[in-house]
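# Results of the structural survey
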Amino acid sequence: MSEVTLEIGGRHYTVSCGEGEEAQVIKLGQLIHEKMTAIAGAQPVSENQALLFTALMLADELQEAGAKQAEPSRVLDDPDLATALERFAEVIENCAEKLESRVLAT
């Protein structure tokens, strides 16, 4: 198990990932950061809201891309897509846990 540090929305998050997955997790983190920065710059929102909107935006983009590539039933069976979704979910869960711990600490 490896760890990488992601900067998202001006904060640093340490995320665990499998050996050899570091570059992919960093790439996903950069994507999340870019989307979150665009959302936060468009209108004043809390960090939690920005993360939620970012997750919704990325999920929507992923769903649209999948719908264009295959029938809905086939998209759900795609192992590469399932792996990417699992990684994305782990990153979002780790970010949410960090945010919750910071909110509870204050």
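Since the structure is predicted, the reported quantities are computational estimates derived from the model, not experimental observations.

This part covers the pairing of strand β2 (residues 11-17). Bridging between strand β1 (residues 2-8) and β2 involves seven bridges; their strand directions are antiparallel. Pairing of V4 across the sheet is with V15, part of β2. Linkage of β1 to β2, two consecutive antiparallel strands, is achieved through a turn of two residues, within which G9 is found at a positive phi near 60°.

Together, E86, E90, E93, E97 and E100 give the surface a local cluster of negative charge. On the secondary structure map, E100 appears in helix α4 (residues 79-105).

This part takes up helix α1 (residues 22-42). Between the first and last C-alpha of α1 there are 30 Å, a value that for 21 residues agrees with the 30 Å anticipated at 1.5 Å per step. The complete set of buried residues in α1 reads V25, L28, G29, I32, K35, M36 and I39. For α1, the angular spread of the buried residues around the axis is 135°, confining them to a single face. Residues of α1 that are exposed and angled more than 90 degrees away from the buried face: A23, K27, E34 and G41.

About the thresholds
- Once a new chain begins, its residue numbering starts again from 1 and follows that chain's sequence as written.
- Only residues with pLDDT of at least 70 get local features here, since the model is predicted, and only at 80 or more are side-chain atom pairs given and counted; chain-wide, interface and lining totals rely on the full set of residues.
- Hydrogens are left out, water is left out, and the side-chain values use all remaining heavy atoms of the structure.
- A pair of strands counts as paired when DSSP detects no fewer than two bridges linking them.
- Put simply, DSSP marks the helices as runs of H or I at least four residues long and the strands as runs of E at least two long, and each gets a number from the N terminus on.
- Two distance rules govern patches: like charges are joined within 9 Å, and nonpolar side chains (Val, Leu, Ile, Met, Phe, Trp, Tyr) within 5 Å, applied only to residues with over 30% relative accessible area and no salt bridge.
- Throughout, the Shrake-Rupley method with a 1.4 Å probe supplies accessible areas, and for residues the shown protein chains are the sole cover considered.
- The term salt bridge refers to a pairing of a side-chain nitrogen on Lys or Arg with a carboxyl oxygen on Asp or Glu at a separation within 4 Å.
- Asp and Glu are treated as the negative residues and Lys and Arg as the positive ones, with His and the ends of the chain left uncounted.
- Charged groups are reduced to one reference atom each: NZ for lysine, CZ for arginine, CG for aspartic acid, CD for glutamic acid.
- To estimate how far a helix should reach, multiply one less than its number of residues by 1.5 Å.
- Buried means the residue's accessible area, taken with a 1.4 Å probe over protein chains only, is under 20% of the maximum for its type, while exposed means over 50%, and partly exposed covers the values in between.
- Here, the arc refers to the directions that run from the helix axis to the C-beta atoms.

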